[in-house]
Each structure stands twice: as structure tokens, then as C-alpha cells.
Amino acid sequence: MSRASDSRPALAALAGSSRDVRKRLSRQQAEQVVAQALADASPDEADAIAATFTSVAELVKNLMGRQQHQALESIVEALVPKAPPTPHALKEAAMLAQARTAVLESGDWLTAAQIAGLAGFSLSNPSAQPNKWKREGAIFALRHHGVDYFPGYGLDAGYRPLKAMAPVLARFAKAKDSWGLAYWFMSANSFLAGKRPLDLLASAPEQVLAAAEDELQGVAHG
């Protein structure tokens, strides 16, 4: 660039004596500065080197901008489905959302903290006991927005798991996930004369267990 020019482009290289450059830098508004000291160079050579720095700096800046854009595009591409969802997939997703909403609205679902409060457990670690029950297969929980919800119908009057729950869960261990269990418990069951398993779990546990066996046999032969 010209040694006499004080214009302020986005990228500029200043050439001249150290005193001259310091004076001109005081009038610059740049946030970052790169300095190169030349031990023995003529003013023309210094100007040529400054011009080279300017062109290279612009190239580097553009390359880094493109790389950042490409990195962002890669992240977005990884998050967006490769193909638009089909009408069938959209319909299936809507039905699944509707079914899960129905499950959550079908009865009492309690968090670990709520169970701890109702059962009189220590509130210092309220999820400890309910999570222990879940690990042991004494009860199941729905994971919804990062929170475990336990079925109220699976707890007795003291807010402990009903003994009838464990054998039913054991039967379905490899056949149903937590949402599948919730659908089954809340649905009218022909084996139970149209009643829901959750309604008979406490009063007629043997019938509910038999209904679970019938469900598994139907799946196996279906």
C-alpha cells in the first residue's frame, strides 16, 4: 500500500520506519495487529512486502471464513434427515405422539421426588429408592423430557411397588419397553373380559399375570 496513505480498509499493512508506523498505528482502529521487523530493506521493498502481507491476509481470512461455514454446514447436514419424512412416517409419528399423550393422561404418574415425599423417604437423594426398584425390576418408569415417571397404579398404599408388578415385568422383559408396558397396562384386554390390567393389578394379580402370558403367546404365534 502507499506509504503516505492513511486509509483504513478492513485489512491493511503499514510500511515505514518504526517511528512512522507507531504514529500511524495510533490512528488505526484495528483490534489485532501483526508486525514484521525488517533489518535491512529499502522503502520500496518494505512497501512490496506490506502489499504482499495484505493480499495473503485477505486470502487467509477468506479461507478461514469458508472453513467455518463448511463446518457449520456439516453439523447442520448431520442433524437434518437425509430425506424428507414420508407422509406415512409423519402419520406414524403423529399417532405415536397421540398414544404417548394418552398414556401420560391415563393415570397418576409420579416422579421419584414425589414418591420419596409420599413414602417418607429421605429427600437428600429422592431418586435413590425408586431407581433401585426400577433396576431390580420391581417397577418401571417412563422417561419423558429427561425425567422418570413411575405409574401410581404400580404402588401400594404405602407407595412401595406392588408385589404383583415384578412377575409381570419379568414376563415382558424382552418383549416390551417402558412405553410398551404402559400401553399394555392401560388398554382394555380381551383376556380380562375387557378390563384394563392396571385396574386388576392389585385385586387380581394372578389374572393379570395370566393375561401377560396370553399376550406373549399371541406375539409368539402371531
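Residues numbered from 1 in each chain as written. Predicted model: local features only at pLDDT ≥ 70, side-chain atom pairs only at ≥ 80, totals over all residues. Heavy atoms only, no water.

A.B. asks: I would appreciate a short explanation of the overall build of the protein chain in the present structure.
C.D. replies: Broken down by element type, the protein chain carries nine helices and three strands. With 222 residues in all, the protein chain has 23% of them scored as buried. As displayed, the protein chain offers around 15,000 Å² of accessible surface, 56% of which is attributable to carbon and sulfur atoms. (Helix = DSSP H or I, 4+ residues; strand = E, 2+ residues; numbered from the N terminus. Buried < 20%, exposed > 50% of the residue type's maximum accessible area, 1.4 Å probe, protein only. Areas by Shrake-Rupley, 256 points an atom, 1.4 Å probe, with all protein chains shown as cover.)

A.B. asks: Honestly, the pairing of strand S3 (residues 147–151) in this entry has me stumped. Any pointers?
C.D. replies: Here is the key point about a regular strand: its side chains alternate between the two faces of the sheet. Pairing of strand S1 (residues 109–110) with S3, which is carried by two bridges, proceeds in the antiparallel orientation. Across the sheet, the residue bridging to Leu-110 is Phe-150, located in S3. A loop of two residues connects strand S2 (residues 142–144) with S3, the two strands running antiparallel in sequence, and His-145 in this loop sits at a positive phi of about 55°. (Pairing = 2+ DSSP bridges.)

A.B. asks: Just checking my understanding: could you explain the nonpolar core for this structure?
C.D. replies: Among soluble globular proteins, nonpolar side chains are generally buried collectively. Grouped together as the largest cluster of nonpolar side chains are 24 residues, with contacts concentrated most on Phe-140, Tyr-153, Trp-184, Phe-185 and Leu-201. Put simply, the parts of the chain that give this core at least two residues each are helix H6 (165–171), helix H7 (178–186), helix H8 (197–200) and helix H9 (205–221). In terms of residue count, the dominant contributor to this core is H7 (five residues). If sequence neighbours within four positions are ignored, Phe-140 has contacts with Trp-109, Tyr-149, Phe-150, Pro-151, Tyr-153, Met-165, Leu-169, Ser-178, Leu-181, Ala-182 and Phe-185. Counting nine residues, the second-largest nonpolar core is a separate cluster that includes Ile-115, Trp-133, Ala-141 and Phe-150. (Core = buried A, V, L, I, M, F, W, Y, C linked by side-chain atoms within 4.5 Å. Contact = heavy atoms within 4.5 Å.)

A.B. asks: Would you mind going over a nonpolar patch on the surface with me for this structure?
C.D. replies: On the surface, a cluster of nonpolar side chains totalling about 490 Å² of accessible area is made up of Leu-72, Ile-75, Val-76, Leu-79 and Val-80. Examined against the element boundaries, Leu-72 turns out to sit in helix H2 (residues 43–79). (Patch = residues over 30% accessible without salt bridge, like charges linked within 9 Å, V, L, I, M, F, W, Y side chains within 5 Å. Salt bridge = Lys/Arg side-chain N within 4 Å of Asp/Glu carboxyl O.)

A.B. asks: Is there a simple way to think about unusual backbone geometry in this case?
C.D. replies: The bulk of non-glycine residues show a negative phi, and the bulk of peptide bonds are trans. The residue His-145 is not glycine, and still its phi comes out positive at about 55°. Summarising the element assignment, His-145 is placed in the loop between S2 and S3. One non-glycine residue, Tyr-159, lies in positive phi territory at about 60°. Positionally, Tyr-159 belongs in the loop between S3 and H6.

Fair warning: the whole summary comes from geometry, so function is off the table for now.
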